[in-house]
Amino acid sequence: ALNRHRDGVNRADPAWHAALAEGVSAVPTPFELLLRGRLREVIEEALRELPESWREVLELVDMQGWSRAAAAKRLGTTENNLKQRLHRARKGLEEILEGRGLSSIDDL
């Protein structure tokens, strides 16, 4: 999915078309692309530190947009168990990022 939008623009996004109609540049600046790339690197590094079962849940639900029910079925677990893992995974990722001095996305 990341390779489909290497330029950082999702042309299927209605906001892109609205910005284009208003004459606003929907193409990110080189600086914005650099920040996106750095953000991706930081998150990927932090994700590698999480247990695999937490990474799987984050990837399916938060990164790929699967419903909790579909992700639970795919992972062979209950929806309640998946919700617990998802909560722990998000909290773990937040703690790793905070440990690196990043209290919010704005710090990147």
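Since we're looking at a predicted model, the values are computed, not measured.

A. View of the packing of helix H3 (residues 52-63) against helix H5 (residues 79-99). At a closest axis distance of 9 Å, the pairing of H3 and H5 adopts a crossing angle of 100°. Taken together, H3 and H5 sit at an angle that is classed as roughly perpendicular. Taking contact as the criterion, the partners of Ser 53, Trp 54, Glu 56, Val 57, Leu 58, Val 61 and Asp 62 in H3 are, on H5, Leu 82, Arg 85, Leu 86, Arg 88, Ala 89, Arg 90, Gly 92 and Leu 93. In the contact of H3 with H5, the residues fall into 8 nonpolar, 2 polar and 5 charged.

B. Inspection of the environment of Arg 55 at higher detail. By secondary structure assignment, the location of Arg 55 is in helix H3. Look at Arg 55 and you get partly exposed, because its relative accessible area is 28%. Through-space distance from the C-alpha of Arg 55 to that of Arg 85 is 9.4 Å; in sequence the pair is 30 residues apart. Apart from residues no more than four positions distant in its own chain, Arg 55 is found in contact with Leu 47, Arg 48 and Leu 50. A polar contact of 2.5 Å, which involves the side chain of Arg 55, links it to the backbone oxygen of Leu 50.

C. Main features of the environment of Asn 80. Among the secondary structure elements, Asn 80 is positioned in helix H5. The spatial distance from the C-alpha of Asn 80 to the C-alpha of Ala 69 is 9.4 Å, given a sequence separation of 11 residues.

D. Molecular detail of a nonpolar patch on the surface. On the surface, a cluster of nonpolar side chains totalling about 310 Å² of accessible area is made up of Phe 31, Leu 34 and Leu 35. With respect to the helices and strands, the residue Leu 34 is situated in helix H2 (residues 30-48).

E. Focus on the side chain of Arg 85. Following the sequence through the fold, Arg 85 ends up in helix H5. This buried residue, Arg 85, is left without a salt bridge; Glu 56 holds the nearest opposite charge, at 4.3 Å. With sequence-adjacent residues up to four places away left out, Arg 85 is seen in contact with Ser 53, Trp 54, Glu 56, Val 57, Leu 75 and Thr 77.

F. Local environment of H5. Its 21 residues give H5 an end-to-end C-alpha distance of 30 Å, which sits within 8% of 30 Å, the value for a rise of 1.5 Å per residue. Taken together, the buried positions of H5 are Leu 82, Arg 85, Leu 86, Ala 89, Gly 92, Leu 93, Ile 96 and Leu 97. Angular distribution of buried residues about the axis of H5 spans 135°; they occupy a single face of the element. Exposed residues pointing more than 90 degrees away from the buried face of H5 are listed as Asn 80, His 87 and Gly 99. Considering only its buried residues, H5 is in contact with H2, H3 and helix H4 (68-75).

Reading guide: rules and limits
- Residues numbered from 1 in each chain as written.
- Predicted model: local features only at pLDDT ≥ 70, side-chain atom pairs only at ≥ 80, totals over all residues.
- Heavy atoms only, no water.
- Axes fitted to C-alpha atoms, helices over the stretch in contact; angles between N-to-C directions.
- Helix = DSSP H or I, 4+ residues; strand = E, 2+ residues; numbered from the N terminus.
- Parallel < 35°, antiparallel > 145°, perpendicular 65-115°, else oblique.
- Contact = heavy atoms within 4.5 Å.
- Nonpolar A, V, L, I, M, F, W, Y, C, P; charged D, E, K, R; others polar.
- Buried < 20%, exposed > 50% of the residue type's maximum accessible area, 1.4 Å probe, protein only.
- Polar contact = N/O pair within 3.5 Å; in protein donor to acceptor, adjacent residues only side chain to side chain.
- Patch = residues over 30% accessible without salt bridge, like charges linked within 9 Å, V, L, I, M, F, W, Y side chains within 5 Å.
- Areas by Shrake-Rupley, 256 points an atom, 1.4 Å probe, with all protein chains shown as cover.
- Salt bridge = Lys/Arg side-chain N within 4 Å of Asp/Glu carboxyl O.
- Lys, Arg positive; Asp, Glu negative; His and termini not counted.
- Expected span 1.5 Å × (residues − 1).
- Arc of directions from axis to C-beta.

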